[in-house]
Amino acid sequence: MILTWLIAEIFAGGILAWIAGRWSRFWPRVISLVTLSVHMVILIVLWVRYFGPVGYVAKGPWVIEVSYSWIPQLGISYHLSMDGLSMLLIVLTNFLGIMAVACSWNAIQERVGFFHFNLLWIVASIMGVFLATDLFLFYFFWEMMLVPLYFLIGFWGYENRTYASIKFFIFTQAGGLLMLLAILGLYFVHGRATGVYTFDYNELLGTPMSESTARWLMLGFFAAFAVKLPVVPLHTWLPDAHTQAPTAGSVDLAGLVLKVGAYGMIRFLVPLFPEAALDFSDVAMGLAVAGILYGAVMAFAQTDIKRLVAYTSISHMGFVLLGIFAWNELALEGAVMIMLAHAITTGALFILVGDLNDRIHTRDMGRMGGLWQTAPRMGGVALFFAVASLGLPGLGNFVGEFLVVLGTYQANTTMAVVATLGLILSVVYSLWMIQVAFLGPNHVGWKLPDMNLREGAIMATMIAVVLWFGLYPQSILATARQSITNLQQIVATTRPEEKTQAPVDPLNVVLPEEWEAP
Amino acid sequence: MTRSGWIDVLPLILLAATPVAVMLAVAVRRSYVVSTAITFGGLVLAFVMLPVVTSQSDRQATPLFLVDNFALFYMGLLFAAALVLVILSYRYLKEHPGNLEEYWILLLLATLGSSVLVASVHFASFFLGLEILSISLYALIGYNRASAIGVEAAVKYLVLAAASTAFLLFGMALVYAEIGSMEFAQIASLRDALDDSQRVFFLSGLGLMGVGIGYKLAVVPFHMWAPDVYQGAPAPVTALIATISKGGVFAILLRFFTQIDFRADDSLFWIFSVIAIASMLAGNLLALLQNNVKRILAYSSIAHFGYLLVAFVAGGDLRVTAVTFYLIAYFVATAGAFGVITVLSGPERDADRIDDYRGLFWKRPWLAGIFAGMLLSLAGIPLTGGFIGKFYLVAAGAQSSLWALIIILVSGSVMSLFYYLRIIVAMYMRPVEEGEATPAPGFVPFSEGFVLLATGLLALWLGIYPAPLVHIIPKLVH
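Residues numbered from 1 in each chain as written. Chains lettered and ligands numbered in written order. Predicted model: local features only at pLDDT ≥ 70, side-chain atom pairs only at ≥ 80, totals over all residues.

Asks: I'd like a description of the overall build of chain A, backed by residues and values.
Replies: A tally of helices and strands in chain A yields 20 helices and two strands. Its C-alpha atoms give chain A a radius of gyration of 22 Å, near enough to 24 Å, the size a compact globule of 518 residues would have. In terms of its C-alpha atoms, chain A occupies a principal-axis envelope of roughly 70 × 70 × 45 Å. In chain A, which comprises 518 residues, the share counted as buried stands at 59%. Contacts in chain A between residues at least 24 apart in sequence constitute 81% of all its contacts with a sequence separation of at least 6. (Helix = DSSP H or I, 4+ residues; strand = E, 2+ residues; numbered from the N terminus. Rg over C-alpha atoms; globule rule 2.2 N^0.38 Å. Buried ≥ 20, exposed ≤ 12 C-beta atoms within 10 Å, placed from the backbone. Contact = placed C-beta atoms within 7 Å.)

In structure tokens form, the structure reads like this:
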């Protein structure tokens, strides 16, 4: 029941904010902030209760579940379930929601009510995606987030917003519809094999099907998730959408929408089609590595600072894809860690770029330079997130990327080695960005107000979170561990020929045989 | 005919009596308000009679009509649409020069024709219903005689509809020649006894009937009239063509071809599949090229009937639910969309240019919101009835493994997003200059606002909680 409340509260808050927007610009902001903050408190209480040090021991794979019949004629139910993985992602969603409201406090002056309505509905639908364990419901929430996002980009975006918003909508919709076909295919395959027609995730796991059916259905799911993640040939919507979206929209896109794709692969794609995913893993890992390198190279080639940050997302999400298809404990934990850390660092960079854009009204790096002198606090924060993004040890992203590379190394050594090049390239573009924008001569002669209290508070919070992820990742990994183990078991039982790997001590890496000198 | 036989056809009789009443009232004194009231009252009365008739068991009212739940359900849908159209037409028409009362007579007759269609189980009533519908449409399309494109549209419709009727009659004659009966049930039971040479004529007859029906539904390749007629006809009449006319014809298509089990013949299955594919592709592709909102909706409606045909050719138990649910969602969305167009249209011209919608979100947020919702429902986005409808269509197709058809359906709906979004984008752009407004007055009368809001809420309800409707459809339709 609490899960329904969690989502309904935000939907209701959105409607309330819209209504309040008729009379005031101030109240929608307050309503959104209060809604999300109250929600955050509830979530943290739940987190501590279920995953805290004095842990509650779950009896099944899910800690909280709610299920009602919705369209019984088709076996569709309103079924929400939460485990550690969902918990982490919901907390993240909520946190970034608060940041999005905070960072657009002054930037949005038009149709404030409707803006916050869209913002809250995006947050609520994404939470729905993270909680849904009925495939129809999952698809419902999946599609539902599109319209408010489309409005967010289309109404409040920058100069080329119409093109970007339509492109975003059509790409994701096309992917989504392919997933719908795959969902229905799975539904009928399962129904014919077992006589039970249902969209329930737990029931559909382990559906017997032929190899080619599994491959096609898996590709349907992959299409949808790959568009969102994004995987390289399907990424072209991302730089446009991220660049043209208002700051809050970019934060949501980078922090949440991309994670939805990764979550879908972890929760649905691999467990539902374990063997097909295993056969596909070389291709997927190849795409992942291509994405890592392509994103990094493209980022370096940008002159628009927001576009640069957007391309870094493609590169970072490549690591997530790599980790998912390596599918061992280390790699999965790493993937989850990158999802969280990337959301925070990239979100922070987008907010920073947004703040900068509010001051100098350009995103062109050619017109920046020497901003550190005039806005030192901003420069410092930018440097912090740039090095966080490039994977400096001690910060969250490092933990994730390290674990992914380590895990991938066990699964596919070549891929791991090539992916490591991406780490080097990320140093290049991150530092280059700092160099061009903040250091060097201030040739335009900018005189900027430095960060104000609100901006500083946002950044301080996000810095604290990145430090926490980097210095005490165990608290995060412990929450996710049980769900990762469960998912691995699901896959292991249907991949009988593959021996279940014993957990490997991270510090005792086993070298491949050919490395042993004769 | 027995007493209960009269009760069975009571809704049809009431509906037939209403135009007569309007005519008599006009003969006494021309009054727009009075004739509107009679029209509205007659429709409400006919609508209210439906539950009374439902309580009776299905029976053959005459050899011509079978008043079963299927017929009553579709009549309910048609009457509801007609009621919405009456409310929407009222203000729109008031500024029209010339006589107004005949409009109601024609509207009632068109509804009557369509309702006759959904109840008919005999070629005679089929033909009668179709002709009543078509003839009232000729006059309705050209109702504004001052408008050149209106008259052009009417003539175009007249010529093509007459041609399509000829096809239909020829087809009926061929079927009758081989079977010797005009009753659907007889045709269904005797068709298996045909030998091969008779079969050729029988199937050709069905094919020709398909052509006639195809014209009315404006599916490719019989769609040429649709964009011009949609554009030329007054906005409420366009809505009437899109809902009442096409809905009734689709119902008879469903009843007749299901009863004779067209899937038993590969040729018919392929013909309908090819029509479905062509309609989905051509409708969506051509809609991309349009700049006129009514023409966009015309092409999109071609595509929608292509989608419906996908579920139509599918076998399986989901089929009827899918088709019916989709048709309801389509009715709601189409009525709502044309409702907004009607509200924004004035006496000089209809609000059918995309530029008319520029900045509507900022000027009239409620209207724009409802219009956007209806377009999203037509596009099949969640929270709207169109989403569940499309889901059902795809499910019905997947159940019969018609993968090629549903992949085209899916690509079609991706394409369709582009033109629906174009209208939505125009609505939230800043208006170029103030004063260049839509041709409509700046207020929305209560009744129209109420109807639009109701369609909006209905679309939402269908999208969020479709279970009750999905629950009753199979019972109603079998």
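Asks: So what's going on with the overall build of chain B? Which residues, and what values?
Replies: Along its length, chain B carries 20 helices and two strands. Looking at chain B residue by residue over its 478 residues, the buried ones come to 59%. Of the contacts made within chain B by residues no fewer than 6 positions apart, 79% connect residues no fewer than 24 positions apart.

Asks: Give me the lowdown on the nonpolar core, citing residues and values where you can.
Replies: Formed by 397 residues in total, the largest nonpolar core has its most connected members in Leu269(A), Leu321(A), Leu322(A), Ile324(A), Leu340(A), Val310(B) and Tyr326(B). Residue contacts for Leu269(A): discarding those within four places in its chain leaves Met218(A), Phe221(A), Phe222(A), Phe225(A), Gly264(A) and Ala277(A). (Core = buried A, V, L, I, M, F, W, Y, C linked by C-beta atoms within 7 Å.)

Asks: Explain the pairing of strand S1 (residues 64-71) of chain A residue by residue, including any values.
Replies: Inspection of the sheet shows S1(A) paired to strand S2 (residues 76-82) of chain A by seven bridges, in the antiparallel sense. Paired with Ile71(A) across the two strands is Ile76(A), which belongs to S2(A). (Pairing = 2+ DSSP bridges.)

Asks: Can you lay out the interface of chain B and chain A for me, pointing to particular residues and giving the numbers?
Replies: Across the contact, 21 residues belong to chain B and 22 residues belong to chain A. For the side of chain B that touches chain A, the elements supplying multiple residues, two or more each, are helix H17 (385-399), helix H18 (403-428) and helix H20 (467-477) of chain B. Counting residues per element, the side of chain B that touches chain A draws most heavily on H18(B), at nine residues. Taken together, the residues of the side of chain B that touches chain A break down into 18 nonpolar, three polar and no charged. (Nonpolar A, V, L, I, M, F, W, Y, C, P; charged D, E, K, R; others polar.)

Asks: Lay out the confidence of the model for chain B in plain terms, naming residues and giving numbers.
Replies: On average, chain B scores 88 in pLDDT, and the residues at 70 or more come to 95%. The ipTM, which scores confidence in the relative placement of chains, is 0.86 for this predicted complex, and the corresponding pTM is 0.89. (pLDDT = per-residue confidence, 0-100.)

Asks: A description of the packing of helix H12 (residues 266-288) of chain B against helix H13 (residues 293-313) of chain B should follow, citing residues and the corresponding values.
Replies: Residues and elements named next belong to chain B. Orientation of H12 relative to H13, taken along the N-to-C sense of each, is 150 degrees, at an axis distance of 7 Å. One way to sum up the angle between H12 and H13 is to call them roughly antiparallel. Viewed along their axes, H12 and H13 form a crossing whose handedness is left-handed. Between H12, through Phe269, Phe272, Ser273, Ile275, Ala276, Ser279, Met280, Ala282, Gly283, Asn284, Leu286 and Ala287, and H13, the contact on the second element is made entirely by Ile296, Tyr299, Ser300, Ile302, Ala303, Phe305, Gly306, Tyr307, Leu309, Val310, Phe312 and Val313. Here the contact of H12 with H13 is built from residues that sort into 18 nonpolar, six polar and no charged. (Axes fitted to C-alpha atoms, helices over the stretch in contact; angles between N-to-C directions. Parallel < 35°, antiparallel > 145°, perpendicular 65-115°, else oblique. Left-handed = near helix turned anticlockwise from the far one by under 90°.)

Asks: How would you explain unusual backbone geometry if you had to name every residue and give the values?
Replies: Cis geometry is found at the peptide bond from Leu229(A) to Pro230(A), where omega equals -5 degrees. With respect to the helices and strands, Pro230(A) occurs in the loop between helix H9 (211-228) and helix H10 (237-244). In the segment running from Val220(B) into Pro221(B), the intervening peptide bond is cis, with an omega of 5 degrees. Position of Pro221(B) among the secondary structure elements: in the loop between helix H9 (196-217) and helix H10 (225-232).

Asks: Tell me about the pairing of S2(A), residues and numbers included.
Replies: Counting buried residues in S2(A) gives six out of seven residues, a clear majority hidden from the surface. Where S1(A) folds back onto S2(A) in an antiparallel hairpin, the turn is made up of four residues, including Gly75(A), whose phi is positive at roughly 70 degrees.

Asks: Talk me through the environment of Leu78(B); I want residue IDs and the actual numbers.
Replies: All names here are of chain B. Note on placement: Leu78 falls in helix H4 (residues 69-94). Through-space distance from the C-alpha of Leu78 to that of Leu240 is 9.7 Å; in sequence the pair is 162 residues apart. Once you skip the residues sitting within four places of it in the chain, Leu78 turns out to touch Thr111, Ser114, Ser115, Ile244, Gly247 and Gly248.

Asks: Any details on the environment of Gly21(A)? Residues and values, ideally.
Replies: Residues and elements named next belong to chain A. Residue placement: Gly21 occurs in the loop between helix H1 (2-20) and helix H2 (26-51). By the C-beta count within 10 Å, which is 21 here, Gly21 ends up buried. On a C-alpha basis, the gap between Gly21 and Gly113 in space is 3.7 Å, while along the polypeptide they are 92 residues apart.

Asks: Describe in detail the packing of H9(A) against helix H11 (residues 247-272) of chain A, supporting the description with residues and values.
Replies: All names here are of chain A. At a closest axis distance of 7 Å, the pairing of H9 and H11 adopts a crossing angle of 155 degrees. With respect to H11, the axis of H9 lies roughly antiparallel. The chirality of how H9 crosses H11 is left-handed. Listed contacts from H11 to Met218, Phe221, Phe222, Phe225, Ala226 and Lys228 of H9 are Val257, Leu258, Val260, Gly261, Gly264, Met265, Phe268 and Leu269.

Asks: Could you give an account of the environment of Arg319(B), naming the residues involved and the relevant values?
Replies: Residue and element names in this part refer to chain B. By the secondary structure assignment, Arg319 is in helix H14 (residues 319-344). In the structure, Arg319 is positioned 73 residues away from Tyr392 in sequence and 8.3 Å away in space, judged by C-alpha atoms. Dropping the residues within four chain positions of it, Arg319 is found in contact with Ala311, Ala314 and Ala396.

Asks: I'd like a rundown of helix H3 (residues 84-103) of chain A, residues and numbers included.
Replies: If you check H3(A), its first and last C-alpha atoms are 28 Å apart, about what 20 residues at 1.5 Å a residue would give, namely 28 Å. Of all 20 residues in H3(A), 18 are buried, a share of seventy percent or more. (Expected span 1.5 Å × (residues − 1).)

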